[in-house]
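Letter by letter, the chains look like this.
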Amino acid sequence: MGLLDVLLNRKHPPMIGLDISSSSVKLVELSQTKTGELVLERFASESFEKGWIADGQIEKFDEVAEAVRRVVTRSGTRSRDVAMAMPQSAVITKKIMLPAGLRDEELEVQVEVEANQYIPFSLDEVSLDFCVIGPSPTSVGDVEVLIAASRKDRVQDRQGLAEAAGLRPVVLDIESHASRMAMSRLVANLPNEGKDALVALFEIGADTTSLKVLRDDEMLYDRDQAFGGSQLTQLISRQYGFTFEEAESKKLANDLPEDYEVAVLNPFVDGLSQEIGRALQYFFTSTPHHKVHYVMLAGGTATLPGLKERVTDLTGFACMIVNPFENMALGSAVREPKLRREAPAYLTACGLAMRRFFQ
């Protein structure tokens, strides 16, 4: 441990979480004090052009690698250890039961045997990992094991991006697991520590919005829908004759004509709220549940003016905007006004950076 770590009372060296989506790369660096308090040291993002990443597949490797290099440089981080994630669509996961008490080598053999049944590729073509979740709730003497497999070329692409930016990839997670890790902290801060609460988390991305319904660290429901923040950019582009890139940068800079709110923003917020209401109705009709206790909005689009209030009006459920850095100490490099504006977009990146301190 270096002198600075001692001076700053840091317990663990920091780790970077790097979230690579279809529209941007987001970086979060967290550290932890000796008393276990998390510290947000840095956060930064860099936008991608449309088409650089499509359906989780990196189409323009050099351009994306350059954007990753820029975000690392701009953040000012000295840390080189990085946690990254694969999109859910690129990973096959399966829970299996195995006898308790197997040694690691025996577990590996059994996992490979089981994986052969579920993975539609040769095992030579995939990166395979597993973790023991704990004793089986249904089968005495067995343990639940989670298998995760992804094609090697997809994994190597992610590793290659990190290495191109001078980083050392130490964790490769699944995006939805990372966002759930960040959420577990927030749920614990709800009344009664969030026990038994049904939390509907909407992560509004550029092209896709995912609804996850969580209860006590368990995911009851997970569904993606094809709507997101880039639809607002398209509306701006059509309304005012901007290119998509111009519309996106003007949207982010809040540099739009006077009638923008009435002509474009309010109708979009209405439409988005209705999509969120429909997604919840679909959850109620396809499960035994008929209400949720909290609706939480994450992603860059979550902070649109009026969205939280409109969702509350339409659904009748308490709606909150996610701040993954709630109750964290802030390092000296963090600018608070920027953090307040952008925090909901960093849920997955925050969950990835937390992997240093929570398994």
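A short tour of the structure in this document, coming up.

Conventions used here
Residues numbered from 1 in each chain as written. Predicted model: local features only at pLDDT ≥ 70, side-chain atom pairs only at ≥ 80, totals over all residues. Heavy atoms only, no water. Helix = DSSP H or I, 4+ residues; strand = E, 2+ residues; numbered from the N terminus. Buried < 20%, exposed > 50% of the residue type's maximum accessible area, 1.4 Å probe, protein only. Contact = heavy atoms within 4.5 Å. Areas by Shrake-Rupley, 256 points an atom, 1.4 Å probe, with all protein chains shown as cover. Lys, Arg positive; Asp, Glu negative; His and termini not counted. Charge placed at Lys NZ, Arg CZ, Asp CG, Glu CD. Core = buried A, V, L, I, M, F, W, Y, C linked by side-chain atoms within 4.5 Å. Disulfide = S-S within 2.5 Å. Expected span 1.5 Å × (residues − 1). Bend = angle between axes of the 7 residues up to and from the residue. Salt bridge = Lys/Arg side-chain N within 4 Å of Asp/Glu carboxyl O. Pairing = 2+ DSSP bridges. Axes fitted to C-alpha atoms, helices over the stretch in contact; angles between N-to-C directions. Arc of directions from axis to C-beta.

Below, the discussion takes up the overall build of the protein chain. Of the regular secondary structure elements, the protein chain holds 11 helices and 16 strands. If you line up the protein chain on its principal axes, its C-alpha atoms span 65 × 55 × 45 Å. Taken over 359 residues, the protein chain has a buried fraction of 47%. Within the protein chain, residue pairs in contact and separated by at least 24 positions form 64% of the contacts whose partners lie at least 6 positions apart. Total accessible area computed for the protein chain in this model is approximately 17900 Å², and 48% of it derives from carbon and sulfur atoms. In the protein chain, 39 positive and 52 negative side-chain charges are present, and the distance between their average locations comes to 4 Å.

What follows concerns the nonpolar core. With 34 residues, the main nonpolar core has F202, I236, V292 and V295 as its most contacted residues. For this core, the secondary structure elements donating two or more residues are β11 (199-204), β12 (209-215), α6 (229-240), α8 (260-286), β14 (294-298) and α9 (307-315). Considering every element that reaches this core, the biggest residue donor is α8, with 11 residues. Not counting residues up to four positions away in its chain, the partners in contact with V295 are A200, F202, L280, V311, F317, A318, C319 and M320. By size, the runner-up hydrophobic cluster in this structure holds 32 residues, among which are F43, V187, L201 and L347.

The next point concerns the state of the cysteines. Under the counting rule described, the total for this entry stands at zero disulfides. Here C319 stays free of any disulfide, with the sulfur of C350 as its closest cysteine sulfur at 20 Å. For C319, a relative accessible area of 9% gives the class buried.

Turning our attention to α8. Owing to its 3.6 residues per turn, the α-helix aligns residues three or four sequence positions apart on the same side. When the terminal C-alpha atoms of α8 are compared, their 38 Å separation across 27 residues agrees well with the 39 Å that a helix rising 1.5 Å per residue should span. Helix geometry: α8 is bent most strongly at N266, by close to 25°, with proline P267 lying one to four residues after it.

For S75, the location among the structural elements is in helix α2 (residues 61-75). Apart from residues no more than four positions distant in its own chain, S75 is found in contact with L27, R42 and A44.

Let us look at the pattern of salt bridges. Counted according to the given criterion, the structure contains 19 salt bridges. Measuring nitrogen to oxygen at the nearest pair gives 3.5 Å for the salt bridge that ties D255 to K250. On the accessibility criterion, K250 (23% relative accessible area) is partly exposed.

Moving on, we get to the sheet that holds strand β15 (residues 319-321). In space, the five strands of this open sheet follow the order β13-β12-β11-β14-β15, with mixed pairing throughout. The sheet is open, and its two borders are formed by β13 (218-225) and β15, each paired with just one other strand. The mean angle between the axes of side-by-side strands here comes to 20°, regardless of whether they run parallel or antiparallel. Of the strand pairs in this sheet, β11 and β14 are connected by five bridges, and their pairing is parallel. Looking at β14, one finds that A200 is bridged to V295. Here α9 sits on the sheet in contact with β11, β14 and β15, set at roughly 160° to β15.

With that settled, consider α2. Here α2 spans 21 Å end to end across 15 residues, near enough to the 21 Å set by a 1.5 Å rise per residue. Within the span of α2, buried status applies to V64, A65, A67, V68, V71, V72 and S75. Looking down the long axis of α2, one finds its buried residues gathered within 160° of arc, a one-sided arrangement. Exposed side of α2, more than 90 degrees from the buried face: D62 and T73 are the residues found there. At the exit of α2 stands G76, carrying a positive phi of roughly 80°.

Everything listed is a geometric property; what it means functionally is a separate question.
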